[in-house]
Amino acid sequence: MSFALDLPRLESTLRLPVQDERQQLLQGLLQPTARIDSKYFYDERGCELFTDICRLDEYYPTRTEALIFSENRETIAGHLPDDPQWIDLGCGDCSKTQQWLNAVDPARVVGVDIAGEFLHSSIADVARQHPQLECVGVVSDFTQHLELHDLLAERPDNPPVFFYPGSSIGNFEPRAAMRFLSRIRAHCNSHGRLLIGADLIKPRAVLEAAYDDASGVTAAFNLNILNVVNRELDADFQPELFEHHACFDDQHRRIEMRLVAREPHSVRLARHTRRNFEAGEHIVTEYSHKYSVDEFRALLTASGLHCSHYWTDPKGWFGVFLAEPA
């Protein structure tokens, strides 16, 4: 069956109304230590800046994972079920999935992302280049809710392969990561698989440079989140009154990205709500947890998954894990 003349199907599993999303954002900013969910990084400008980050010399994860994939793609594909449903979680522009289509030969591609318009454009590009391939886009905040059972059930003879590259699993705190991986496990029948990237422990200087590059691209990316908050809440953050800071927390084995107030000032967060920031007070915008290989395998096990295969780079800086239901 050809889909050459049809736009890809687009579904939505978003649960919270926009107003509730805004209320959650506001409540995070009113916590004793203010928080902004990292999903707010990715407006159009944020996506552009993150693409630039991935090209930086300091930012090793993207190129290191790409090296692992390119050197092991056929071997990895050989461990996957035949004719799978390929589910790209956080697919972005679908460029990583595009690199797998010839090796995997999926029966269907499902792109899942929170940015609906961008998702539709990206999945349409895949459909145009592969007119015989069924392509479906799902607009979802899958980090909070993963609801693909009905969609996957449409193809009961095509087991799912969940693809979650780029070490995004590190953005979850460990308990939340286990809950998320457990939700993936619940979508896998006995033949389902998870192919996931995870950033590994390495020297502090390497880690911190990756999140605080010398050219200031990551700083611009971090500060841009305040522009997004201004639009979402009709707030009046002035990004120039904050500076980017990234540090490795040894106790929690994670990078913390922060925006630190340069001077005392007040911010309107909503029509009748303000917050005062003292000089040096910070907003947390992202955690990026790092794992040893054994720690990540243990996380998979605790989530009901078994790590069947593992690949890394010559320096052991990054891990690609293939997991199946335990």
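Residues numbered from 1 in each chain as written. Predicted model: local features only at pLDDT ≥ 70, side-chain atom pairs only at ≥ 80, totals over all residues. Heavy atoms only, no water.

### Some details on the overall build of the protein
Then comes step 1: Scanning the protein from terminus to terminus reveals eleven helices and 14 strands.
Then comes step 2: Relative to a compact globule of 326 residues, whose C-alpha radius of gyration would be 20 Å, the protein shows 20 Å and is just as compact.
Then comes step 3: Expressed as a percentage of the 326 residues in the protein, the buried residues total 51%.
Then comes step 4: When contacts within the protein are restricted to residue pairs at least 6 apart in sequence, long-range pairs at least 24 apart make up 71% of them.
Then comes step 5: As presented, the protein carries roughly 15000 Å² of accessible surface, and 48% of it is formed by carbon and sulfur atoms.
Then comes step 6: Positive and negative side-chain charges in the protein, numbering 32 and 49 respectively, have mean positions lying 4 Å apart. (Helix = DSSP H or I, 4+ residues; strand = E, 2+ residues; numbered from the N terminus. Rg over C-alpha atoms; globule rule 2.2 N^0.38 Å. Buried < 20%, exposed > 50% of the residue type's maximum accessible area, 1.4 Å probe, protein only. Contact = heavy atoms within 4.5 Å. Areas by Shrake-Rupley, 256 points an atom, 1.4 Å probe, with all protein chains shown as cover. Lys, Arg positive; Asp, Glu negative; His and termini not counted. Charge placed at Lys NZ, Arg CZ, Asp CG, Glu CD.)

### Overview of the sheet that holds strand β2 (residues 34-35)
Then comes step 1: An order of β2-β12-β9-β8 is seen for the four strands of this open sheet, with the pairing classed as mixed. The open sheet terminates on both sides in strands that have one partner only, identified here as β2 and β8 (242-249).
Then comes step 2: Pairing between β8 and strand β9 (residues 254-261): eight bridges, direction antiparallel. What sits directly across from Phe 242, in β9, is Ala 261.
Then comes step 3: Along the sheet, helix α10 (residues 217-233) makes contact with β8, β9 and β12 (282-289), crossing β9 at roughly 60 degrees. (Pairing = 2+ DSSP bridges. Axes fitted to C-alpha atoms, helices over the stretch in contact; angles between N-to-C directions.)

### A few points about the sheet that holds strand β6 (residues 160-164)
Then comes step 1: Taken together, eight strands build an open sheet; the order of strands is β1-β5-β4-β3-β6-β7-β14-β13 and the sheet is mixed. The two strands at the open ends of the sheet, each matched to only one other strand, are β1 (9-12) and β13 (305-312). Within this sheet the neighbouring strands show an average axis-to-axis angle of 20 degrees, counted without direction.
Then comes step 2: Sheet strands touched by helix α3 (residues 60-78): β6, β7 (193-199), β13 and β14 (318-325). Its angle to β14, the strand with the most contacts, is close to 50 degrees.
Then comes step 3: Docked against the sheet, helix α8 (residues 174-186) engages β3 (85-89), β6, β7, β13 and β14, running at close to 160 degrees with respect to β7.

### Quick look at the environment of Ser 292
Then comes step 1: By the secondary structure assignment, Ser 292 is in the loop between β12 and α11 (293-302).
Then comes step 2: Taking the C-alpha atoms as reference, Ser 292 lies 24 Å from Asp 213; in sequence the two are 79 residues apart.
Then comes step 3: Apart from the residues within four sequence positions on either side, Ser 292 is in contact with Leu 200, Ile 201 and Arg 253.

### Description of the pairing of β7
Across a regular strand the side chains alternate sides, sitting on one face of the sheet and then on the other.
Then comes step 1: In terms of burial, β7 is a largely internal element, seven of the seven residues being buried.
Then comes step 2: Burial along β7 is two-sided: the face carrying Arg 193, Leu 195, Gly 197 and Asp 199 and the face carrying Leu 194, Ile 196 and Ala 198 are both buried.
Then comes step 3: Pairing of β6 with β7, which is carried by four bridges, proceeds in the parallel orientation. Considered in β7, the bridge of Tyr 164 is made with Ile 196.
Then comes step 4: In this fold, the crossover linking β6 to β7 by way of α8 has right-handed handedness.
Then comes step 5: The pairing of β7 with β14 spans six bridges and is classified as antiparallel. (Right-handed = clockwise from strand over helix to strand, strands pointing away.)

### Focus: the UniProt feature "domain: Histidine-specific methyltransferase SAM-dependent" (unreviewed entry) in the protein
Then comes step 1: According to UniProt, the positions carrying the feature "domain: Histidine-specific methyltransferase SAM-dependent" (unreviewed entry) are residues 22-324.
Then comes step 2: What you have in residues 22-324 is 37% helix and 27% strand, and the ends, taken at the C-alpha atoms, are 37 Å apart. (UniProt positions renumbered as here; feature names shortened; annotations may be inferred.)

### Overview of the nonpolar core
Then comes step 1: Formed by 40 residues in total, the largest nonpolar core has its most connected members in Leu 29, Ile 36, Phe 237, Phe 242 and Ile 283.
Then comes step 2: Among the elements of the structure, α1 (18-29), α2 (44-53), α9 (204-210), α10, β8, β9 and β10 (265-270) are those that each provide at least two residues to this core.
Then comes step 3: With eight residues, α10 is the largest single contributor of residues to this core.
Then comes step 4: When neighbours within four sequence positions are excluded, Ile 283 is seen to be in contact with Leu 29, Ala 34, Arg 35, Ile 36, Leu 226, Phe 237, Phe 242, Met 257, Arg 258, Leu 259 and Phe 277. (Core = buried A, V, L, I, M, F, W, Y, C linked by side-chain atoms within 4.5 Å.)

### Concerning α3
Then comes step 1: With 19 residues, α3 ought to run about 27 Å at 1.5 Å a step, and its terminal C-alpha atoms sit 27 Å apart, in line with that.
Then comes step 2: Along α3, the helix axis deviates most sharply at Asn 72, where the bend reaches about 70 degrees.
Then comes step 3: Listed in full, the buried residues belonging to α3 are Tyr 60, Pro 61, Thr 64, Glu 65, Ile 68, Phe 69, Asn 72, Arg 73, Ile 76 and Ala 77. (Expected span 1.5 Å × (residues − 1). Bend = angle between axes of the 7 residues up to and from the residue.)

### Regarding the environment of Asp 250
Then comes step 1: Inspection of the secondary structure assignment puts Asp 250 in the loop between β8 and β9.
Then comes step 2: Through-space distance from the C-alpha of Asp 250 to that of Gln 98 is 37 Å; in sequence the pair is 152 residues apart.
Then comes step 3: A polar contact of 2.3 Å, which involves the side chain of Asp 250, links it to the side chain of Arg 204. (Polar contact = N/O pair within 3.5 Å; in protein donor to acceptor, adjacent residues only side chain to side chain.)

### What to know about the pattern of salt bridges
Then comes step 1: Applying the stated criterion to the full structure yields 26 salt bridges.
Then comes step 2: Across the salt bridge formed by Asp 250 and Arg 204, the nearest N and O atoms sit 2.3 Å from each other. Placement of the pair is Asp 250 in the loop between β8 and β9 and Arg 204 in helix α9, with a sequence separation of 46 residues.
Then comes step 3: We classify Asp 250 as exposed; its relative accessible area is 51%. (Salt bridge = Lys/Arg side-chain N within 4 Å of Asp/Glu carboxyl O.)

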